[in-house]
Every structure is written in structure tokens, then in C-alpha cells.
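Working through the structure, step by step
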Amino acid sequence: MAITAKQVKELRELTGAGMMDCKKALVECDGDMKAATDWLRKKGIAKAAKKEGRTAADGLSKIVVKGNKAVVIEVNSETDFVAKNEMFLELLDTTANTIIDSNATTVEEALALDVNGSTLNDVFVNAVATIGENIKLRRFAIVEKADDEIFGSYLHNGGLISAVVVVKGTEDAQVAKNMAMQVASMNPTYVSRNEMPQDVVEKERSVQEALLANDEGLANKPEHVKKGIVEGRISKALQDMCLVDQIFFLDQNVKVGAWLKENHAEVVKFVKYVVGEGIEKKVDDFAAEVAAMAK
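Residues numbered from 1 in each chain as written. Predicted model: local features only at pLDDT ≥ 70, side-chain atom pairs only at ≥ 80, totals over all residues. Heavy atoms only, no water.

Looking now at helix H9 (residues 198-213). The end-to-end C-alpha distance of H9, which contains 16 residues, comes to 22 Å, matching closely the 22 Å that a straight helix rising 1.5 Å per residue would cover. Those residues of H9 that are buried are in contact with helix H10 (223-238). (Helix = DSSP H or I, 4+ residues; strand = E, 2+ residues; numbered from the N terminus. Expected span 1.5 Å × (residues − 1). Contact = heavy atoms within 4.5 Å.)

Shown next as C-alpha cells:
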């Protein structure tokens with residue numbers, strides 16, 4: 001039978017499921033609204049869909065390395081308690097191992113990957129239905145290296161922070177791991193100034209030039225001196241953004257670049273994830289809710 005847009009809309013309002021899922025359920029059940037609702041519930045779609053609007057800002061990240069490929073993923077949950085759930089940890093493992101064996105470049109492509117005859121998205125839907133929280137694959141990065149390079153990886157607090165680096169010039173795994181720990185703890189944005197977009201540098205230059213122009217004590221300095229002061233301030237302001245310019249976390253008397261040189265090593269690239277970064281987590285005011293209900 002033909003399914004109308006009105007029927008799809010009604011089922012969506014009843015279950016919170018997506019339009020396509022609602023249409024499929026109605027087709028499968030010959031337009032029977034109650035049967036379609038049950039169909040969605042049995043598939044775990046209705047229960048999962050109702051939770052999609054809830055903020056998932058906790059969770060864990062994970063790193064898997066296979067040969068010349070590494071993958072870093074972040075899977076979010078609503079609470080840190082669920083992130084310790086055995087099923088959640090299995091989901092994390094399945095997700096990472098599925099993605100690393102693929103050529104996926106987006107979350108949508110990753111969720112469409114096959115997992116034992118189903119899709120990765122189906123695995124997430126089932127996990128949401130079973131665990132009872134909104135769970136999402138937020139992001140992932142596949143990192144590749146050359147045969148003469150090595151990976152270094154580090155997970156902090158079980159995966160609340162993760163970092164993977166590619167290092168060349170050495171076969172010392174500890175050097176690579178130290179760099180992953182540096183990235184995780186000191187939060188650089190770039191390997192060096194060479195990677196930094198020019199607009200970032202120019203923005204900082206405009207700030208420092210404005211500060212210098214307002215500094216009466218430097219007003220009579222020669223232009224070449226002023227230029228040197230500006231460049232020095234730019235370097236100081238931007239050095240924490242660059243890995244090689246940071247102070248090495250294991251030796252406060254040396255910079256990362258110098259330490260790498262001593263170990264005949266060079267960081268090629270890195271990826272760092274902090275679980276929940278950038279997500280605005282809703283804070284419920286229980287007392288306010290009770291007061292509002294009492295009015």
C-alpha cells in the first residue's frame with residue numbers, strides 16, 4: 001500500500017525515529033501504526049532515536065595500530081559511568097578495528113561500514129537500546145606512516161586524552177612514546193612554525209604591533225629595534241603552539257626540538273583528542289526544576 005507523508009510524520013512524532021526509518025517501518029507493516037511502532041522498538045530504533053537529542057559529552061577515545069596505519073577515535077556517551085561499561089568498551093574496540101581496515105574519511109562513511117553482515121551504525125543503535133544512553137561516534141582520524149617511520153601513542157586516564165605521533169630518524173619506541181606524551185600533556189597545535197598558517201602569525205603580529213604602538217616607553221626606539229621586539233614577542237607568544245618550541249616535559253631545561261635533535265629524531269605529524277572538547281555540556285539544576293513544578 002502507498003504510505004503517506006502524514007503517516008510518516010505521525011509515526012515520527014510517536015517514536016522520535018528518523019523519517020526514513022518510519023517510512024520503512026510503515027511499509028513493512030502495511031501502514032499499521034501500532035505494528036510499525038512495535039517494529040521500530042524491536043529494532044531498537046525508537047528507543048535510540050529518543051535519546052539522540054541528549055548531550056553526549058563524556059566517553060572515551062581509543063588508538064589502534066596495524067602495520068603502517070593507526071586510527072584514533074572518539075566515542076561519546078552521556079555519562080562517564082557508561083564509558084566504563086563492558087558493552088561500551090567492546091563498542092569502542094569494534095569501532096576502532098572496523099575503521100582502521102577501511103578507507104572511510106567521514107563519520108557517515110564509517111557508520112555505513114560492514115560489521116558481520118550489519119552496519120557499524122546498527123551496532124551503535126543496538127548499544128544505545130541496551131545501555132540506555134545516547135552514544136555517538138564523534139570523530140576519527142586515520143594516520144599513516146612510511147616504512148622508515150614509527151608510531152608513538154599514549155592514552156591518558158584510560159582514553160580521556162589520546163595522542164598518536166609519527167616519528168622518523170629513529171627506531172627507539174620510547175622516543176616516539178615520549179613525544180606522544182608531550183603532545184597529550186602540553187597540547188601543541190603544530191609541529192613547528194613551518195606548519196603554522198600565515199594568517200595565525202599575522203594575527204599575532206597585528207596584536208603585538210598594536211601593543212608596541214601604545215607603549216610610550218618604546219615610542220622613540222629605532223624602527224629596526226621595534227621590529228626585533230615585535231618578532232621576539234611573536235615567537236614567545238606562539239612557541240607553546242609549536243611542539244618543537246615547547247619545554248620538554250621530562251626535562252625543564254631543554255626544548256623539544258633540541259631533545260629530538262639529540263636523539264636523531266624528527267616528529268612528522270601528530271593527532272590529539274580530548275574527549276568532549278568543544279561540546280557544551282548541559283548542567284541540570286534539579287532545585288530549579290522542583291521549584292518550577294511547585295508553582
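There is more to say, and it comes next.
Secondary-structure assignment places Glu133 in the loop between helix H7 (120-131) and strand E5 (136-144). The exposure class assigned to Glu133 is buried, which follows from its relative accessible area of 10%. C-alpha separation for the pair Glu133 and Thr79, spaced 54 residues apart in sequence, amounts to 8.2 Å. Within polar-contact distance, the side chain of Glu133 engages the side chain of Thr79 at 2.6 Å. (Buried < 20%, exposed > 50% of the residue type's maximum accessible area, 1.4 Å probe, protein only. Polar contact = N/O pair within 3.5 Å; in protein donor to acceptor, adjacent residues only side chain to side chain.)

On inspection of all chains with the given rule, the structure shows two aromatic pairs. Both rings, one in Phe248 and one in Phe249, keep their centres 5.4 Å apart while their planes meet at 85°; by these two values the pair is edge-to-face. Classification of Phe248 by relative accessible area gives buried; the value is 2%. The exposure class assigned to Phe249 is partly exposed, which follows from its relative accessible area of 24%. Taken together through their ring pairs, the aromatic side chains of Phe248, Phe249 and Trp259 make up a single cluster. Geometry around Tyr273 places Arg139 over its ring, the cationic atom sitting 4.0 Å from the centre. (Phe/Tyr/Trp six-rings, centres within 6.5 Å; stacked < 30°, edge-to-face > 60°. Lys NZ or Arg CZ within 6 Å of the ring centre and 35° of its normal.)

Pairing in this open sheet of three strands is antiparallel, and the strands run E6-E7-E10 from one edge to the other. Of all strands in the sheet, those bounded by a partner on one side alone are strand E6 (149-156) and strand E10 (266-274). Each strand of the sheet is rotated relative to its neighbour by a mean of 15°, with strand direction disregarded. When E6 meets strand E7 (residues 161-168), the two strands line up antiparallel, connected through eight bridges. Across the sheet, the residue bridging to His156 is Ile161, located in E7. Strand contacts of helix H8 (residues 173-186): E6, E7 and E10, with the helix running at about 45° to E6, the strand carrying the most contacts. (Pairing = 2+ DSSP bridges. Axes fitted to C-alpha atoms, helices over the stretch in contact; angles between N-to-C directions.)

The subject of this paragraph is the packing of H9 against H10. In contact at an axis separation of 9 Å, H9 and H10 are set at 125° when each is read in the N-to-C sense. Regarding the angle of H9 to H10, the classification is oblique. Like other packed secondary-structure pairs, H9 and H10 cross with a definite hand, here right-handed. Counting all contacts with H9, which are made through Val200, Val201, Glu204, Arg205, Gln208, Glu209, Leu211 and Leu212, the residues of H10 involved are Lys226, Ile229, Val230, Glu231, Arg233, Ile234, Ala237 and Leu238. Broken down by class, the residue content of the contact of H9 with H10 amounts to nine nonpolar, one polar and six charged. (Parallel < 35°, antiparallel > 145°, perpendicular 65-115°, else oblique. Left-handed = near helix turned anticlockwise from the far one by under 90°. Nonpolar A, V, L, I, M, F, W, Y, C, P; charged D, E, K, R; others polar.)

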